[in-house]
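Chain by chain, the residues run as shown.
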Amino acid sequence: MPTYGIEEEVFITEPEKPTFDSFYYLARLLARNPGFYYTHSAHNFARGKDLKQGWVSGVEISTGVHEGVESLADDLEKRRSELASVATGLIVPMGHLINYDAPTNTCAIHIHIGGIKDKKRLYDNLIHFLPVLPLFTANSPMVLGRYFGQSYRMFKSFAIGPIRNDWTVRFQDVILSKRLGTIELRACDTCWDMARIRCLLRAVGAIAELDESLEPNIEQYNLLRGEICRRGIIEETAGLVDELASIVDFPVEMLTRTASDDLRDLYEKEGLVAAYSAMDSGYRGGIFEPRPVEKKQRADVLRGTLGFLAYFVPRLPYYAWKGFKEQA
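Residues numbered from 1 in each chain as written. Predicted model: local features only at pLDDT ≥ 70, side-chain atom pairs only at ≥ 80, totals over all residues. Heavy atoms only, no water.

### As for helix H10 (residues 259-270)
- With 12 residues, H10 should reach 16 Å at 1.5 Å per residue; the first-to-last C-alpha distance of 16 Å fits that figure.
- Those residues of H10 that sit buried are Ala259, Ser260, Asp261, Leu263, Leu266 and Tyr267.
- Turning to H10, the residues buried within the fold contact strand E6 (142-143), strand E7 (146-147), helix H6 (194-208), helix H9 (253-256) and helix H11 (272-285).
- One side-chain oxygen at the N-terminal end of H10 lies 3.3 Å from the backbone nitrogen of serine 260; it belongs to threonine 258. (Helix = DSSP H or I, 4+ residues; strand = E, 2+ residues; numbered from the N terminus. Expected span 1.5 Å × (residues − 1). Buried < 20%, exposed > 50% of the residue type's maximum accessible area, 1.4 Å probe, protein only. Contact = heavy atoms within 4.5 Å. Polar contact = N/O pair within 3.5 Å; in protein donor to acceptor, adjacent residues only side chain to side chain.)

See the structure below:
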């Protein structure tokens, strides 16, 4: 029987960009449940030249392991609620910040599938549907305030990429995880809408239960990947929508009208903070709707520093172990 888990990354902005306050929120979460969140949370940083735009990236919360995708989605909703209860900033579940151009500063939802005897078949079958799976949650339409397409993160992020010959290479769209031994779908943006995430999980679950082996079409996928990131469904991949619908029920309009499309429209009408507050409202309460947000006069340096010391420093041994396992 397949087992499933999720790692979800989100930005927390104050209100236009992430700050060290994110560490304070994670420190509060860790203090509430250290037995769980010591290994089921993380904080990311930008890298290289992207540091000029800001050091702080997203925070990560992961679920437990589940034997079904519905209980997995319920667990994710619980983790979201717990993060929302400690964070006073805007929780912004999207792949790449609207006002940045920072390929090392991105957020995703990673889906792990374990308990599978024939991992290679599952790997190939996921890649077969990979041209359409990310469209369930595609949510990175902008770069430096300009429209890019469905997912700038998927197009540019350092943490994913075209499928390679070695399925254990970490930074590609689907991998065999060295650390966990699972097949990991890494291509998808994070998204506020749990209905979209549930449909994505049901699709992944249906693919995991297939008894047949599908052609992965890796060369074609890699060739078309850039156009998929920009345009979504294209002529060469349109048939995969019907094929996926033949094994799992979902509203096809989720793929033709994406979260990126909704976000672009709102941002172009109402601006940056309105877009971020709408995603925060969707994350917290399920309604994608902007609200008034008071702009902070200055960052709370003391709170951020205390949060860093209380959260990051105690977890250094875990970071070291995790890094070793992922590189082994």
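### Section: the packing of aromatic side chains
- Applying the stated criterion across every chain, the model contains 16 aromatic pairs.
- Between phenylalanine 23 and phenylalanine 312 the ring centres are 6.2 Å apart and the planes differ by 85°, which places this aromatic pair in the edge-to-face class. Residue phenylalanine 23 is located in helix H1 (residues 21-32), and its partner phenylalanine 312 is located in the loop between helix H12 (301-311) and helix H13 (316-327); the two are separated by 289 residues in the primary sequence. Exposure class is identical for phenylalanine 23 and phenylalanine 312. Each is buried.
- Here the aromatic rings of phenylalanine 36 and tyrosine 37 are separated by 5.0 Å at their centres, their planes lie at 85°, and the arrangement is edge-to-face.
- According to the relative accessible area criterion, phenylalanine 36 is buried, its value standing at 15%.
- Pairwise contacts between aromatic rings join Phe20, Phe23, Phe45, Phe308 and Phe312 into one cluster.
- Taking NZ or CZ as reference, arginine 79 lies 3.9 Å from the ring centre of phenylalanine 36, over its face.
- Just above the ring of tyrosine 147 sits the side chain of arginine 264; from NZ or CZ to the centre is 3.6 Å. (Phe/Tyr/Trp six-rings, centres within 6.5 Å; stacked < 30°, edge-to-face > 60°. Lys NZ or Arg CZ within 6 Å of the ring centre and 35° of its normal.)

### Structural notes on a nonpolar patch on the surface
- Among the surface-exposed residues, Leu302, Leu306, Leu309, Val313 and Leu316 lie close enough to one another that they form a single nonpolar patch of about 460 Å² accessible area.
- The element best represented in the nonpolar patch is H12, accounting for 3 residues.
- Structurally, leucine 302 can be placed in helix H12. (Patch = residues over 30% accessible without salt bridge, like charges linked within 9 Å, V, L, I, M, F, W, Y side chains within 5 Å. Areas by Shrake-Rupley, 256 points an atom, 1.4 Å probe, with all protein chains shown as cover. Salt bridge = Lys/Arg side-chain N within 4 Å of Asp/Glu carboxyl O.)

### Brief notes about the environment of methionine 142
- Secondary-structure assignment places methionine 142 in strand E6.
- C-alpha of methionine 142 to C-alpha of arginine 202: the two residues are 60 residues apart in sequence and 28 Å apart in space.

### Remarks on the pattern of salt bridges
- Using the criterion set out here, one finds 21 salt bridges in the structure.
- Taking the shortest distance from any N to any O, the salt bridge between arginine 198 and aspartate 74 comes out at 2.6 Å. Placement of arginine 198 in helix H6 and of aspartate 74 in helix H3 (residues 69-86) is noted, with a sequence separation of 124 residues between them.
- Arginine 198 gets classed as buried once you look at its relative accessible area, which sits at 16%.
- Aspartate 74 gets classed as partly exposed once you look at its relative accessible area, which sits at 42%.
- The closest approach of N and O atoms between glutamate 184 and arginine 186, which form a salt bridge, is 3.0 Å.
- Where salt bridges share partners, they join Glu70, Asp74, Glu77, Arg198 and Arg202 into one cluster.

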